[in-house]
Amino acid sequence: MEGTCSNFAVFGGNRYTKVGQCEHPDGHDHLFAQMYPVDTWGKEYITVPFASRLGGDLVKVLAAEEGTNVTVNNVAYELARGEFKSFIQREVTSVKSDKPVSVAQFSLSQGCDGTTGDPFVVMISPNEQLMKKITFNAPSIATISKYEVTIISPSSGTASLTFDNNDISSRFAEVPQSPGYSFATLQSSGGNHTIRSG
């Protein structure tokens, strides 16, 4: 419609899928995530393996422009517009590029992972989009008994970070491939939680 412009959201995913290259029949799920607008994509990301998962995580890096040079823990790739590189991560990973990219992290299906649990996907925020405060909800569901949250921060800011008003500064470790950044994975619970810096 000419002259009319409205906001919209784009979701990507699959109604019933498994993640990983294995023949196990279990571990399918509904995987959908809201996509970030291209103008919010970044050039530097950090991914941390999901806690309690044994088989590693599938990470996909998608390029917005032709000739995008990407390094994953210092291994270089060149991607065309709309092309992606996927890999299994088993360690904290640094993704850097010279043009905007989007990064998604998938947990593997239980048959591929050696744990009980369906696959899921998380769109990773670039380091350029880090926030100073966030409140989020972890749904309380009867089938979920273990909750974990991973926090990535500039190392210079970890001294003032709190989780639900509790000091967590001692829980951080430096990201090996991204000096200047640190991460922590914490045990949590269902319900509302607030992470705050400063």
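Residues numbered from 1 in each chain as written. Predicted model: local features only at pLDDT ≥ 70, side-chain atom pairs only at ≥ 80, totals over all residues. Heavy atoms only, no water.

1. Describing the sheet that holds strand β16 (residues 191–197)
Selection rule: Pairing between strands is defined by DSSP: at least two bridges between the two strands are required. Helix and strand assignments follow DSSP, with helices taken as H or I runs no shorter than four residues and strands as E runs no shorter than two, numbered in order from the N terminus.
The four strands are arranged β10-β16-β12-β13 in an open sheet whose pairing can be described as antiparallel. Bordering the open sheet on either side are β10 (133–138) and β13 (166–167), each of which pairs with just one other strand. Relative to β13, strand β12 (residues 161–163) is paired through two bridges, and the arrangement is antiparallel. Opposite Phe-163, over in β13, you have Asn-166 as the bridge partner.

2. Considering the sheet that holds strand β15 (residues 181–188)
Read across the sheet, three strands follow the order β11-β15-β14 without closing on themselves; strand pairing throughout is antiparallel. Of all strands in the sheet, those bounded by a partner on one side alone are β11 (147–154) and β14 (173–174). Pairing between β11 and β15: eight bridges, direction antiparallel. Among the inter-strand pairings, Pro-154 is bridged to a residue of β15, identified as Tyr-181.

3. A closer look at the pairing of strand β1 (residues 11–17)
Convention followed: Buried, partly exposed and exposed residues are distinguished by accessible area as a fraction of the type maximum, computed with a 1.4 Å probe on protein chains only: under 20%, between the cut-offs, and over 50%, respectively.
The element β1 is largely exposed, with a buried count of zero among its seven residues. Where β1 lies against strand β2 (residues 29–34), five bridges are found, and the strand directions are antiparallel. Opposite Asn-14, over in β2, you have Leu-31 as the bridge partner.

4. A closer look at the pattern of salt bridges
Defined as follows: Any carboxyl oxygen of Asp or Glu within 4 Å of a side-chain nitrogen of Lys or Arg constitutes a salt bridge here.
For the structure on display, the rule yields one salt bridge. A salt bridge links Lys-146 to Glu-148; the nearest nitrogen and oxygen atoms lie 3.7 Å apart.

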